[in-house]
Amino acid sequence: MKVDILDIGSGNISSIKNWLQKANISTRVVKNAQHIESELLILPGVGSAGSYMDRLIDGNYDVAIREHLNKGGRLLGICLGFQIMTKYSEEDGGVNCLGLIDGHVERIGSGKSHNGWEPLQFRTDDMNEQLFHNQYKLTKKRVLNGRVFYNHEYGVINKEDKSFSTPVSTDFPQYDGLFVKDKIIGIQFHPEKSQITGLDLISMIL
Amino acid sequence: MRIGSTVLLSDQNCIQSYEWKLKRPLGRIQGVFDSLEEYHCDEVAIIRPVRDNDSVEDFRKDIQVVKELSSMTPISFGGGVRTLEHLKLLQDLPIERLIFSSAFLEKDEKLILAAKNLFGHQAIQCLLPIITKDGETWVFHSSKNKYIPFDSVDIDFINEFANEVILFDVIHEGMTNRFDWSLLEGMAFDSKKTVISGGVGRKDIQIAKANGIASVLVDNKILHQEYSISGYKHATKLS
């Protein structure tokens, strides 16, 4: 399996790499948009939406991401990398995003932030309608029951039909914590910092 | 409420400090993290306890050991992040959050905004090492190597730019069940955004939970009491 991690100059690339390596998945870090050539492209997301989108557009990464999807590649966005897949974000005074997902990003509440661990449970069978799920059979495990780490102030409102999603938490049920639609997966939490659950997750969804 | 640990990094190795005076070596940072990860520690704050004589070269050396760290636990990092040059060195480290202290006390908006653009507002933490003397509260200003009156600190600035505030009880660091709760009296910080460290023990964790504190950071002496993290989590459930 070829996995590219997109490095646009900001983000916790080494953590993402460490996460995948611990799950015995080899990766390649890609800095040039033209060099994306993989079955799975990972968009790490750290920073604010405005500067992140500026970097994506300046480096022609936005075009390369669409081409990757058009060629049948899979796309996995983490935290801000998930948020910028939607149509727009309220952050930084309003930012147009990639529009790969029908939805938008809003502040989870004035002065609020969500920093901590939340439970995550799902069955991989629930994702069966999506093209993304469990293609490589890295594990026989079908039920994930663990805890994941969140650190965010903005959340994704998903308006997609027929997507698979789980909410962030009981306190933030309107926002997606995990989203899967066709060949796109979005993760609001940090799987790379979710200890054993993070490892289980990547093995179950790839 | 999160239950994490404070790890002090000095000259590329971990130390335990007592009352900011006595220092006890704890070894390589990877070994410390491996132990903490086994206990399912919720988060780790790596703090360089530096003063006014810190250099970029020393900073660079410490950064290198953090860069080589293999961990799946959320990490905050700070101590000596004072210029844009320092900030550039922090890119692509296995850390999620940045801890600033002097930058907040000096109201260095340019540096903090640059950090926000790189890491996001949710990643910015303010560290205030505090003590009470003669009935007054003081904050240690690391880059000036001296205490300043808490009254002189711009709380509005901190509340605007920091996602969370770490209140560090300097006097009781290294002790157990000795966190001085009077330090929080009259402080205009939302408890949901307040993190405490310094002398935190099982009783303090119960008090913190009851007061809606965001997180407690236990001194890394817990490495020598291997049952502690699970015991502390149990204490939270009981409170």
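A brief structural summary. Each chain has its residues counted from 1, running along the sequence as written. Chains and ligands are labelled by the order in which they are written, letters from A for the one and numbers from 1 for the other. Whole-chain, interface and lining totals are the exception, using all residues; otherwise, since this is a predicted model, local features are given only for residues with pLDDT of at least 70 and side-chain atom pairs are given and counted only at 80 or more.

When its secondary structure is counted, chain A shows five helices and 13 strands. Throughout, the radius of gyration refers to the C-alpha atoms, and the reference size of a globule is 2.2 Å times the residue count to the power 0.38. For a compact globule of 206 residues, the expected C-alpha radius of gyration is about 17 Å, and chain A comes in at 15 Å, within 12% of that figure. Projecting the C-alpha coordinates of chain A onto the three principal axes gives extents of approximately 45 × 40 × 30 Å. Sorting the 206 residues of chain A into buried and exposed places 50% on the buried side. For chain A, the share of sequence-separated contacts (at least 6 apart) that also reach a separation of at least 24 residues comes to 70%. Only DSSP runs of H or I reaching four residues or more are called helices, and only runs of E reaching two or more are called strands; each is numbered from the N terminus. The exposure label follows from counting other C-beta atoms within 10 Å of a residue's C-beta, where the C-beta atoms are placed from the backbone and the thresholds are 20 or more for buried and 12 or fewer for exposed, leaving partly exposed in between. Contact between two residues is assigned whenever their backbone-derived C-beta positions fall within 7 Å.

Okay, the sheet that holds strand β4 (residues 74-78) of chain A next. Residues and elements named next belong to chain A. Two strands are counted as paired when DSSP detects at least two bridges linking them. Across the sheet, seven strands lie side by side as β2-β1-β3-β4-β13-β12-β11; this open sheet has mixed pairing. Strand pairing shows two members of the sheet lacking a second neighbour, β2 (28-30) and β11 (164-167), which therefore form its edges. The mean angle between the axes of side-by-side strands here comes to 15 degrees, regardless of whether they run parallel or antiparallel. Across four bridges, the pairing between β4 and strand β13 (residues 184-187) is parallel. Note on method: axes are straight lines fitted to C-alpha atoms, helices fitted across the in-contact stretch only, with angles between N-to-C directions ranging 0 to 180 degrees.

Turning our attention to the interface of chain A and chain B. Taken together, the contact pairs 27 residues of chain A with 24 residues of chain B. Sorting the residues of the side of chain A that touches chain B by element identifies α1 (13-22), β8 (114-123), β9 (143-152) and α5 (195-205) of chain A as the ones contributing at least two each. For the side of chain A that touches chain B, the element with the highest residue contribution is α1(A), accounting for six residues. Any residue that is not Ala, Val, Leu, Ile, Met, Phe, Trp, Tyr, Cys, Pro, Asp, Glu, Lys or Arg is counted as polar, Gly included; the first ten are nonpolar and the last four charged. Taken together, the residues that form the side of chain A that touches chain B break down as six nonpolar, 17 polar and four charged.

This part covers the sheet that holds strand β10 (residues 154-158) of chain A. All names here are of chain A. One open sheet accounts for four strands, arranged β6-β5-β7-β10; its pairing is mixed. Each edge of the sheet is formed by a strand with only one pairing partner; in this case those strands are β6 (95-96) and β10. Where strand β7 (residues 103-107) and β10 come together, five bridges link them in antiparallel fashion. What sits directly across from H104, in β10, is I157.

Residue and element names in this part refer to chain B. Examined against the element boundaries, H172 turns out to sit in the loop between β10 (164-169) and β11 (194-197). Take H172: there are 23 C-beta atoms within 10 Å of it, and that puts it in the buried class. With 46 residues separating them in the primary sequence, H172 and C126 have C-alpha atoms 19 Å apart. Every residue in contact with H172, bar those within four places of it in the chain, is listed here: R178, F179, D180, G198 and G199.

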